[in-house]
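# Tertiary structure, described
Single-letter residue listing:
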Amino acid sequence: MDNAKIRILHIVGSLNVGGAETMIVNIFRHIDRDRFDFSFLVNGSRGGYYEKAVQQLGGSVDYLPKRRESLPDHYCELYRIIKRGRYHVIHFHTQNAFLTSTQLIAARLAGAKCIAVHSHNTRDWRKQSLLLVHKLCRHYLYRHTDIRLACSRAAAIWLFGTERNVEVFPLPIVCENFLFSESK
């Protein structure tokens, strides 16, 4: 790697204002961009709140076709982007072990050497039917992830089924900005 930039692909649900997205963009704003190159791959809708900020900071933004519209296109595009990008790290920001496991398989097939999975939640907002498949895939996701991160112990257990060998990385929130103010 020598003096080459470390290329990291962040796979997110959106680039809208949310805890995970805000954290990643804040890190991107303050990281040494001569050493690190951030790219973003969005599973969700286009034109998120942070898209322009990411691009102004030198990051690229790509979008995956929605799974419900074309599952083969979704995974083929994921594979193509990872293969083309030659990333050092693929960093999934997620809340569902099943959906992430399927993407992790595509990433490995594309040549990903280092995969980080970051749990940002203690539940999934999707259909209840995905809950069973999520629980069945937690062990697989745990075993095939190189770097396991979570915003809390509960988030680690939710995604991986354990907190063992999971680095807890709380969201860096300036709590004073959210304190109650009777005058406001």
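Preceding this section is the structure that the text describes.
Residues numbered from 1 in each chain as written. Predicted model: local features only at pLDDT ≥ 70, side-chain atom pairs only at ≥ 80, totals over all residues. Heavy atoms only, no water.

Let us look at the packing of helix α3 (residues 71-85) against helix α4 (residues 97-109). It is at 8 Å that the axes of α3 and α4 come closest, and there the two elements cross at 40°. When the axes of α3 and α4 are compared, the pair comes out oblique. Here α3 and α4 pass one another in a crossing that is right-handed. Only T102, Q103, A106, A107 and L109 of α4 make contact with α3, whose side of the interface consists of H74, Y75, L78, Y79 and I82. (Axes fitted to C-alpha atoms, helices over the stretch in contact; angles between N-to-C directions. Helix = DSSP H or I, 4+ residues; strand = E, 2+ residues; numbered from the N terminus. Parallel < 35°, antiparallel > 145°, perpendicular 65-115°, else oblique. Left-handed = near helix turned anticlockwise from the far one by under 90°. Contact = heavy atoms within 4.5 Å.)

A word on the nonpolar core. L9, I82, I90, I115 and V117 are the most contacted members of the largest nonpolar core, which has 29 residues in total. If one sorts the elements of this core by residue count, helix α6 (residues 153-160) sits on top with five residues. With residues near it in sequence (within four places) discarded, I115 still touches I90, F92, L104, A107, R108, T145, D146 and I147. (Core = buried A, V, L, I, M, F, W, Y, C linked by side-chain atoms within 4.5 Å. Buried < 20%, exposed > 50% of the residue type's maximum accessible area, 1.4 Å probe, protein only.)

In this section: the pairing of strand β5 (residues 115-119). Counted residue by residue, β5 has five buried out of five residues, so it is predominantly covered. Pairing between strand β4 (residues 89-94) and β5: five bridges, direction parallel. When the sheet's bridge partners are listed, F92 is paired in β5 with V117. Assessed by its sense of winding, the connection that carries the chain from β4 through α4 to β5 is right-handed. Two strands pair when backbone bridges link them, and β5 and strand β6 (residues 147-150) are joined in this way by four bridges, in the parallel orientation. In the strand pairing of β6, V117 is matched with R148. (Pairing = 2+ DSSP bridges. Right-handed = clockwise from strand over helix to strand, strands pointing away.)

Bringing the pattern of salt bridges into the picture now. Inspection of every chain in the model, using the stated rule, returns five salt bridges. R80 is the partner of E77 in a salt bridge, and the nearest nitrogen-oxygen pair spans 2.5 Å. Of this pair, E77 and R80 both sit in helix α3, three residues apart, roughly one helical turn. You can call R80 partly exposed: its relative accessible area is 38%. (Salt bridge = Lys/Arg side-chain N within 4 Å of Asp/Glu carboxyl O.)

Let us look at the sheet that holds strand β1 (residues 6-12). In space, the seven strands of this open sheet follow the order β3-β2-β1-β4-β5-β6-β7, with parallel pairing throughout. Each edge of the open sheet carries a strand with a single partner, namely β3 (60-63) and β7 (167-168).

Now for the pairing of strand β2 (residues 36-42). In terms of burial, β2 is largely enclosed, as seven of its seven residues are buried. Burial along β2 is two-sided: the residues F36, F38, F40 and V42 and D37, S39 and L41 are all buried. Both β1 and β2 contribute to a ladder of seven bridges, which runs parallel. By the bridge assignment for β2, L9 is matched with S39. A crossover connection joins β1 to the parallel β2 through helix α1 (residues 19-30); in handedness this β-α-β unit is right-handed.

On to the side chain of E77, then. Within polar-contact distance, the side chain of E77 engages the side chain of R80 at 2.5 Å. Leaving out residues up to four positions away in the same chain, E77 has contacts with Y63, L64 and P65. (Polar contact = N/O pair within 3.5 Å; in protein donor to acceptor, adjacent residues only side chain to side chain.)

In this section: unusual backbone geometry. Apart from glycine, the bulk of residues carry a negative phi angle, and the bulk of peptide bonds sit in the trans form. Despite not being glycine, R86 shows a phi value in the positive range, around 45°. Here R86 lies in the loop between α3 and β4. We classify R86 as exposed; its relative accessible area is 70%. Backbone geometry places N165, a non-glycine residue, at a positive phi of 60°. The residue N165 is located in the loop between α6 and β7 in this model.

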